[in-house]
Amino acid sequence: MICKCLSLSISYAATIGGLTTIIGTSTSLIFLEHFNNQYPAAEVVNFGTWFLFSFPISLIMLVVSWFWMHWLFLGCNFKETCSLSKKSKTKREELSEKRIREEYEKLGAISYPEMVTGFFFILMTVLWFTREPGFVPGWDSFFEKKGYRTDATVSIFLGFLLFLIPAKKPCFGKKKDGEDREPSLRMEPIITWKDFQKTMPWEIVILVGGGYALASGSKSSGLSTWIGHQMLSLSSLPPWAVTLLACILVSIVTEFVSNPATITIFLPILCSLSETLHINPLYTLIPVTMCISFAVMLPVGNPPNAIVFSYGHCQIKDMVKAGLGVNVIGLVIVTVAINTWGISLFNLDTFPAWAMASNITDRT
C-alpha cells in the first residue's frame, strides 16, 4: 500500500506542480498561444498573473491530496505519520536508507553544465516575473514598440545561448606541459542540434499547428459561431454554472483523449460560447485549461500516469479510485479560485473590450 501511495503521489505531484507556471504543462502553453492569437489586444495573461492565480491552487491541492491519499492507502492514523519521535529502524529500512545514500553519492559533485543550466533557469524565471509584473513597470517598458517581447523571447534567447556555451569549463590560463590542449573548435556546446532534435516534442508542435488550423477553419466557416448560438439556452445560467459545466465536461473527455487534443478541440468552442453569452472568455478558458490537466484516473490520461502504471505496482482500479478523488478535489478548488481571487486578478466580472472587438471582427 505504501508503494502504491508513493508511486501515485509522485504522478499527482508532477501534475499539480505543473499548474504553477504557464510553461508547466502543454495544455497551458496551447491555451496561451491560442488566447494570444484569438485576442491579440488582450494583455492580461502572462507569467506573473498566471503564477499569482495558480500557486495558491497548487499549494491547497497538494495538502488536500496528501490527506486523501493517506486516508485511502494508509488509513486515518495521521498522528503517527507526522510524529517526530525517533523510532528504531528495521533492517529493511536500514538497507533502503543505505541504498539511497549510495545512489546519491554516485551523482558526485555538481558539474559545470549543471551550474550553467541552473543559473539560466533562475535567470529565465526572474526575467519572466519582471517583464510585466503589473504593479510596477517591467523591463518591457524600456522598449518603445510593444508586442515584440513575450515570455517566449526570454526562453528562446537563453536557450540559444546554451548552443554557444561550451560543455567543458573554458580554461584561459596556460596549461602545464604534457597536458592535452583541445582546440576550441572541437569543444561541444551544452546543447547540440542532435540532442535538440532527439528531445524536442515535435508531436506537440504539429498538434498545436493543427489546432490553429482547426480554429481558423471553424471561425472562417462559421462553425464556432453556429455552436455558440446553439448554446444560447445556457444564457439563463449564471457564469459560474456555465464554467462548472464546461469543467465537468472536459474532465470526463480528457480521461480518454490526450490533454493537448482535448484543449485544442474545446478552446474555439468555449471562446465562441463566452462571446455569445457575453462572459469574459478567461472565466471559462482558465479553469477548463486547469481541469484538463487533472486526467489522473487512467494510464492514458497523461505521461506520469503511464510511467507509474508501467512499473506494475498499481492496478487500474487503484488509479481510478485515487484519481477520482484528486479529480474532484481539483475541480472544486479551481471553481472556488476562479470565483474568488480570480475575479479580481483578471477582472472577470466585466465583458472586456478586447473580447468585444474580436466578436465584432468575426461577425464582419
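Worth saying up front: this structure is predicted, and the values here are computed from it rather than measured.

### Quick look at the overall build of the protein chain
For the protein chain, the helix and strand inventory stands at 17 helices and zero strands. Burial analysis of the protein chain (364 residues in total) assigns 38% to the buried set. Taking as baseline every contact in the protein chain between residues at least 6 positions apart, the subset at least 24 positions apart corresponds to 76%. Roughly 21700 Å² of accessible area belongs to the protein chain as shown, and the carbon and sulfur atoms make up 67% of that amount.

### Considerations on the UniProt feature "transmembrane region" (unreviewed entry) in the protein chain
UniProt records the feature "transmembrane region" (unreviewed entry) at residues 12-32, 44-69, 107-128, 148-167, 240-270, 282-301 and 322-346, using the numbering of this structure. For residues 12-32, the helix share is 67%, the strand share is 0%, and the end-to-end C-alpha distance is 23 Å. Helix and strand shares over residues 322-346 are 92% and 0% respectively, and the end C-alpha atoms of the span are 33 Å apart.

### With respect to the packing of aromatic side chains
For any pair of aromatic rings, the description rests on two quantities: the centre-to-centre distance and the angle between the ring planes. Counted by the stated rule, this structure contains 15 aromatic pairs. Joined through ring pairs, the aromatic side chains of F31, F35, Y39, W50 and W354 make up one cluster.

### Topic: the side chain of S54
Relative to the helices and strands, S54 is located in helix α3 (residues 47-74). Classification of S54 by relative accessible area gives buried; the value is 0%. Setting aside anything within four residues of it in sequence, one finds S54 in contact with L19, T20, T21 and M290.

Cut-offs and rules
Residues numbered from 1 in each chain as written. Predicted model: local features only at pLDDT ≥ 70, side-chain atom pairs only at ≥ 80, totals over all residues. Heavy atoms only, no water. Helix = DSSP H or I, 4+ residues; strand = E, 2+ residues; numbered from the N terminus. Buried < 20%, exposed > 50% of the residue type's maximum accessible area, 1.4 Å probe, protein only. Contact = heavy atoms within 4.5 Å. Areas by Shrake-Rupley, 256 points an atom, 1.4 Å probe, with all protein chains shown as cover. UniProt positions renumbered as here; feature names shortened; annotations may be inferred. Phe/Tyr/Trp six-rings, centres within 6.5 Å; stacked < 30°, edge-to-face > 60°.

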